[in-house]
Structure formats: C-alpha cells, structure tokens
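Structure at a glance
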Amino acid sequence: MGEYGVAPGQRVAIVWDSSSPVEALKGLVDKVQALVGADNRVSVENVNQLPQSAHKESSFDVILSGMVPGSTAQHSVELLAEVARILKPGGRVLLKEPVVTESGNNGKIKTAAKLLTTLTLSGLVEVKELQKEALTPEEAQSVGEHLGYQGNDLLIIQIEGRKPNFEVGSSSQLKLSFAKTPGPSGKPSVDPAAAKLWTLSANDMNDEEMDLLDSDELLDSEDLKKPDPSSLRAPSCKEMGKKKACKNCTCGLAEELEQEKKKSSQPKSACGNCYLGDAFRCASCPYLGMPAFKPGEKILLQENQLHDA
Amino acid sequence: MAGRGLLVLFGSQTGTAQDTAERIGRGAKRRHLRCRVEALDSCDVANLIHEPLVVFVCATTGQGDPPDNMKMFWRFLFRKNLPAGSLCQLDYAVLGLGDSSYPKFNFVAKKLHKRLLQLGGNPLLPVALGDDQHELGPDAVVDPWLVALWDKILALYPLPPGLEIISPDVRLPPKYTLRYLPEDSPQPNSDLLQPTAPRAAPCELHPFAARVLSNRRVTAQSHFQDVRLIEFDIAGSGITFSAGDVVMIQPQNCPEDVQQFCQLLRLEPHRRFVLEPTEPGTALPPLLPQPCTVQYLVTHYLDISCVPRRSFFELLASFSTNELEREKLQEFSSAQGQEELYSYCNRPRRTTLEALWDFPHTTCAVPADYLLDLIPRIRPRAFSIASSLLAHPERMQILVAVVRYRTRLSKPRRGLCSTWLASLNPEQGDVRVPLWVKKGGMKFPADPATPVIMIGPGTGVAPFRAAIQERVALGRRGNCLFFGCRYKSKDFYCQTEWEELVTKGLLTLFTAFSRDQEEKVYVQHRIRENGRLVWELLSSGNAHVYLAG
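Chain B goes by NDOR1 oxidoreductase in an unreviewed UniProt entry, where it is assigned to Mohoua ochrocephala. The UniProt entry for chain B carries this comment under Catalytic activity (unreviewed entry): "2 oxidized [2Fe-2S]-[protein] + NADPH = 2 reduced [2Fe-2S]-[protein] + NADP(+) + H(+)". Within the UniProt record for chain B, the comment given under Subunit (unreviewed entry) is "Interacts with CIAPIN1; as part of the cytosolic iron-sulfur (Fe-S) protein assembly (CIA) machinery. Interacts with DCPS."

An unreviewed UniProt entry lists chain A under the name CPIN1 protein, from Mohoua ochrocephala. Turning to chain A, the UniProt record has this under Sequence similarities (unreviewed entry): "Belongs to the anamorsin family." Taken directly from UniProt, the Cofactor (unreviewed entry) text for chain A runs: "[4Fe-4S] cluster".

1. Things to note about the overall build of chain A
Secondary structure summary: chain A contains 7 helices and 6 strands in total. In chain A, buried positions account for 38% of the 309 residues. Counted over contacts in chain A with a minimum sequence separation of 6, partners at least 24 positions apart contribute 70%. Surface exposure of chain A reaches about 19,000 Å², of which carbon and sulfur atoms provide 53%.

2. Describing the nonpolar core
Residue and element names in this part refer to chain B. Formed by 45 residues in total, the largest nonpolar core has its most connected members in F261, L302 and F313. Sequence-distant contacts of L302, defined by excluding residues within four places in its chain, comprise N253, F261, L297, L371, I375, P376 and I378. Grouped together as the second largest cluster of nonpolar side chains are 33 residues, L48, C58, W74 and V108 included.

3. Focus: the packing of aromatic side chains
For any pair of aromatic rings, the description rests on two quantities: the centre-to-centre distance and the angle between the ring planes. All names here are of chain B. Enumeration over the complete set of coordinates arrives at 14 aromatic pairs over all chains. Seen in terms of ring centroids, F482 and F510 are 4.8 Å apart; in terms of plane orientation they differ by 20 degrees. Their pairing is stacked. A residue pair is termed long-range when its members are at least 10 positions apart, and F482 in strand β19 (residues 479-485) and F510 in strand β20 (residues 508-513) qualify at 28 residues. Comparing F482 with F510 shows no difference in burial state: the two are buried. An aromatic cluster of at least three residues, connected via ring pairs, comprises F312, F313, F332 and Y344. Between R171 and the ring centre of Y370, over which it is positioned, the NZ or CZ distance is 5.4 Å. Note that K490 overlies the ring of Y487, its terminal NZ or CZ placed 4.9 Å from the centroid.

4. A short note on the sheet that holds β20 of chain B
All names here are of chain B. Read across the sheet, 4 strands follow the order β20-β19-β18-β21 without closing on themselves; strand pairing throughout is parallel. The open sheet has two edge strands with one neighbour each: β20 and β21 (544-547). The average undirected angle you get between the axes of adjacent strands in this sheet is 10 degrees. In this sheet, β19 lies alongside strand β18 (residues 452-455) in parallel orientation, the contact comprising 4 bridges. Note that in β19 the partner of M454 across the bridge is L481.

5. A word on the interface of chain B and chain A
With 54 residues of chain B at the contact, the number on the chain A side is 56 residues. Summing both partners gives a buried area of about 5,200 Å² for chain B against chain A, and 59% of it is carried by carbon and sulfur. Where chain B meets chain A, there are 5 salt bridges. Along the contact surface separating chain B from chain A lie 19 residue pairs in polar contact (both at pLDDT 80 or more). Elements with a contribution of two residues or more to the side of chain B that touches chain A: α2 (71-77), α3 (107-118), α8 (323-333) and α9 (338-346) of chain B. Tallied by class, residues from the side of chain B that touches chain A come to 26 nonpolar, 9 polar and 19 charged.

The rules behind the values
Residues numbered from 1 in each chain as written. Chains lettered and ligands numbered in written order. Predicted model: local features only at pLDDT ≥ 70, side-chain atom pairs only at ≥ 80, totals over all residues. Heavy atoms only, no water. UniProt positions renumbered as here; feature names shortened; annotations may be inferred. Helix = DSSP H or I, 4+ residues; strand = E, 2+ residues; numbered from the N terminus. Buried < 20%, exposed > 50% of the residue type's maximum accessible area, 1.4 Å probe, protein only. Contact = heavy atoms within 4.5 Å. Areas by Shrake-Rupley, 256 points an atom, 1.4 Å probe, with all protein chains shown as cover. Core = buried A, V, L, I, M, F, W, Y, C linked by side-chain atoms within 4.5 Å. Phe/Tyr/Trp six-rings, centres within 6.5 Å; stacked < 30°, edge-to-face > 60°. Lys NZ or Arg CZ within 6 Å of the ring centre and 35° of its normal. Pairing = 2+ DSSP bridges. Axes fitted to C-alpha atoms, helices over the stretch in contact; angles between N-to-C directions. Buried area = accessible area lost by both parts, 1.4 Å probe. Salt bridge = Lys/Arg side-chain N within 4 Å of Asp/Glu carboxyl O. Polar contact = N/O pair within 3.5 Å; in protein donor to acceptor, adjacent residues only side chain to side chain. Nonpolar A, V, L, I, M, F, W, Y, C, P; charged D, E, K, R; others polar.

Following this line, the structure appears as structure tokens:
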C-alpha cells in the first residue's frame, strides 16, 4: 500500500477547508491521484459542502481529511458521521487536527482524547492515534488566524478510524443456545439442574402464583403482519367451481365442455345419473340440493325449487 | 432414544386442530413411527424435556387465546423460572390454525414457536400458519407443510431397512374394536343421564344433568326467529357463576337422524357393546359409558350433523366396494379434489348424515369398529348465562336463538344444540341437559360506584341481563343498556323486565328497532344520539363499556 494507505483502484475523498493553502491541496490531490490511478476516483470536497453533496452511502474506500499540509480543519461529530456514512464497510478515514494538550479555556480546540471519542461517537471503530507532531511556525500562525488560539501547547495529531465491517440495517442471529457436549444420540444432553427445575415446576401445575412472562413480547413486527390477500386465493380459482357433465349427458353440457378443454387432464369424475345424489350430479342438474332418491322414483320439483336460488 | 417415535400434541377448540393432529398421527403410522396423539393438557408436561421429536398443532381462538385443552400448558410454558436450555433435546415443528381476518392471527402458534426456541428447542421447520381465510382453508398450508415435515423426519429417522411407507391404499387399524355383547345380557339402567352426586364443580368430563324448568319462546310467533328463554334447576350441583360467565351445553342428535343413521349403516340400535383399544395405552373415549348401546353412541357421541372433513372421505373410501362411489370418495380426499369438496360440503353446510346418504353402497360396508375413527365426538356449545344467582338462586337461565338458515340444499340447515334445546318440553317429564360452567371474558367492576354501559343487540343482551340482575341485587344503579332488535312488537324480549327497572330508576334504556321505520336504526345510532350522556358517564364516571352480540 502506498502513502496514506491508499491502493490503486480505490475510491478516495479528500476533504479540505479554507485553512488549507490551495497549492498544498492541489499537491495532495495529485499525489493521491497518482496512487489510485486515473479514472476520476478522487473526489475533492470542502468540509462545509460535504453534507450537501450527499454522496451515496458506502462509496469510498478511503477518506482523507485535514491532511493538506497547513490545514487547521476541525472535525465535528456531524462531519464525522457523514464521513462514516459514505465510507464503505471496512473503509478507512485518515485525518489530522490540531489539539491542545490540556483542556483549557478555549473550548474550540479539542484535546486528543476528546477527538478520539468524537470519532467513536460518530460510528467509527478501531480509532487509533497514529502520531503527534509539533506545529511548524506556519501552522502555528495559521491556527492563530483561523482558530484564534495563541497558546503554544498545540500539537497536530494524526488519527485513523475504520467503518465497521457490516452495513447499516444488517442483522445477524445471536447464537443463544449453550452447546454442551453431545450425548450418545448426537444431541446435547440435558443439564441435570435444568431437568430438575423443569420437573419440579411441572409437578406444580396448579400453582397459580407463578410469575409468567408476557407472551406478547415474543412477537416482532413480522409476526404482527397479516397475510397478503392475493396469497389466499386458490391457484385455479373459478367463481362457481368446475362445471361437470353427467356420464350420459343429454343437455349438451358435455359437448360444450369438450370444446373448452384442450388436454384431458380433467379428473376422472365418474358421474352417474341425477338420482345418485349431489356428489355425482353435474353443475346444471335441476335436482341439485335434493337428497339422493331411488331410481324410478318420481320426484316432483317443488315450486320454490324451480326458481333461482 | 431407542426406536423411532413421534409425539403429536394439539390444542383444539372446534376439533379442526385435533383432526389435523390425528391425520399427522396416521401419517406417522404409515411411516412405521411409533406415535402418540394427545391434547396438550392431557400430556405429562414434566416429560417434555426428554422427548426428542414433537409436533405441535395449535389453534388460536377468541382474542388470540389458546384453546381450552391447552390453557394449563400455556400457563406453564411462560413461567419465568423455566431454564433456558431445558428443551435442548427437542426437535419440534409447530402448525398453527387460525383466521387472518382476526388481528391476532395465529398468535398462539407464533408465540409457541418462539418460546420453544427460547427454551432451547430446535425447530425442524418455520412455523406454519393455516388460515381459514384462504379459499381452500387451512389445508392450503397444511398439505405442503406435511410433505416438508415428513421429509425432515425421515431424514432424522430413516425407515428401517426392508420397510416401505405403508401405501394410502392400505387401511390402518381402527383405534378401538367394538365388541358386541350377547343379545341376552342384562339391560343397563336406561336412564343414563342420572343426576350425579355433588362433587367438585362440574366440568367437561363430569357434566351436571340439569333439569329443564321452563322453555319459553320470547319472540312473537309471527317473527321469523325463534328465541327461547330456558331455565335450568342447578340445585345441588355445586355450580356457581357470576355475570359474564358462560355455560357449556352438551347437545345430542334428534331421534329421526339417529334412526336414519342406524338404517344406513345397518346398525341395530338396541345392541350393547364394549370398546377395546387396539393399541395398549390408548385411553377410552370420554363420556361414553361401558357397556353402551348403539342408540346411545349415535345419539350422544357421534357428531353426525357436523360438516364432514377430508379425513372422513379418506377413510370412507377405503371401505367402498362400489367403483363409482370409491372414485368419488377418493377424489374428495385428494389434494386436487379439495375445491370440489368445499363446494360439495363446506359451502352448502352438508351434514355427515347427508353425505352418507349419497353413498349407499359404501355405508352398508362400514365396519362398526371404525365408527369412532370416522365420525368425531359432538362438541359442547357455549352460551352466555342470562341470569344472576343473586336474583334467581339455584337457577340458571339462558337465551337461545334457534339457528336455522338456508343454503342451496333443499332441507334448511339447523343448529344442533339450539334445535335440540328448543324441542325440550319440561311438561312432558324429567328433561335433563348436561352442562357445566366456564369463566367468561367479561368482568364487571368491583367498585359499586362505577357505572356500566352495555351494548347488546339481539341475544347479545344475555350476559347483560345477568349483569343487570346482579347489580340491581347489589344496589348498583349506574346501569345503561343499549338494546337493538328488529321490531318492537316481535323480538323485544325482556321488555317488561326492562320497563320495570326503568320505572324504578335502576336502568337507563335505549332501544333501536331496526325495521320499525323505513330507515334502519341500530344501536350505534342511539349511542351517537346520546353522546353527551355517554361521554359524561365515561369521563366523570369512569364507566366501563361492554359489547356483545
């Protein structure tokens, strides 16, 4: 890996602020571009513009901030949170910031410790102090100009941090079972203490005083969802059910159905005559709804049955 | 664990989960697995930690509640003191039966699955959620789930070498053999519903045979609906109840149906028999005296008026010697035939007896041994108790609307229990009804000053009648009732009772007679009209609101 831990092909963002001398910024950009190769992989952002730019999350491998020689950029929690957002999981941020050695009256400049916690609070992990160096006279002057601090207990600290290796919103299951050495059946054997407690409790089934868990707490948002109505329909749903013709159909329904169906995948429903009962009658049988009757028995349809149901 | 075994545990309210559990049990037998099928509250829960393979079939009822026969198990399962790794030996699968039109769809199965996981169990499959709202009902989920389940189970416990899965064409042995006693054995006491000696509160296995004191129609004769106020004598039963509680009544089949059934199946009603389990360890069926007459079995036990299920057709097909009938029966038991079955049975609410009528060449060939495998037990029906012990000690009253409606079948559909109750005439002798009490979901406030707003159209008013009687006896005056029905002159039951209380200032009554005028007026209109009063009761009185019907 090259300087700044940047490798070819990576996407890098360089964050600068008004305290960075323009030539120095350009110099850094060129250097980094040389490291990653061409193809516009280097983005340059002003620290105030970064939130507005709204880069796509997890788009950068490395972010360099305040790294321009002479920069006195300060990093707030909000800025660092944005940095964490646009970093890829496992991506790295490298930054420099002036710090005071003791927390003094000037609250604007952080101590090293405070800066480290600021990174952690923004969601970065493996926050490490890489080095501290004293300020050059130009840098000291720059601090005086931009931050209005005159004391001579300043240091420039270089810190790196990483975005954790998982994405926001990802989940993983906690293994809650406490694996014991398996018994002969290949399963963990029951802890005798647990077995005893269980048995004792079970022998006390009528004890109304026992403390109970709230079973509702077991349910999560998935459980509370209702099934999708489209999933409740039968695959081959027809409004009135399949129409079947009798075995020796005389009303013409059989011919109609023959023309409709192409393949003979219709279930072999052996259909007898109307006297056999609803189980065997076809859909247009006038005796539907009446019980089976003996063959030869004359059944008169009652007046009310001749009307539509 | 030596040998291959499966335990199927079910929680069933209307019998569907039990039927499905038994179906799984049969599948296990066909795969040469030892199998026990039990209700959750009947199994020895202490032993659950040693069970290697359990399938749970649980319905959700009420408002996301477990069925009655798993309530004890449910309370046990959620005890905080159960150790986390207790069920580490357990491979399990949960099948839920529910209805997605309810907000707490299949909550019991969902919670059970998660709790078992929490306790260290290992799920073989994700929880399966059968849904009544699916066009093909729960089977749409159960059928593919069963395929996956057997795959998983046979992977864990492969078939012993040399054995194949028993083909569906081969009939499994019945649960019991029915051994007829010789015709000349001594006759039993014919009155099998003797009042039992008082014991601990009556329950499903030991109902109380309550005498019917009165059975009065409370709707006008010209009204289309027949609603009865029935009073029972519960003296000496040990039964107590308060307003909001529910009575469970065990109905029986009407004599005409019993006679028709015996004729169809070539059974002699007066013959007595005993039952013997084919597999040792199977319990005898509850509530069936031994020895028993065929008449008793068909009248009190076999639910011949229920809508037959798929398993009924599957078993019936195996007896058929008639090709035409057998093919049809097999079609109804196949996965592809489910739409046909729904159209034939479920939509028109065809009864088992009516279905048997369509298959005369098969019904005459059904061995008596298989009767209890073929037809399920009659289930009890629940009614809100409509009276208070404080107003009528040693009495229990209920309001029953006789269920009667038409489908495309020419014979109208009748509710089994309501029709039977309506037919009881106390003036013709000692008429008894087996019943027991269950705690209800409604609790009325303990604080005497809290007013109560009750909204109960139609027979929904029953628990409120109990509550009002109770509260009036206790001197509580804050009673506000919104009652709705169709016609003031036809189905305004309890009219005189209410009017008397109103005169005494003990009841505020609002009525909505939906068909007495051109536009429909319902209880909700009355509530809105009297919004101010309702609001005052709620905001300054802290009123409790109840809704039933």
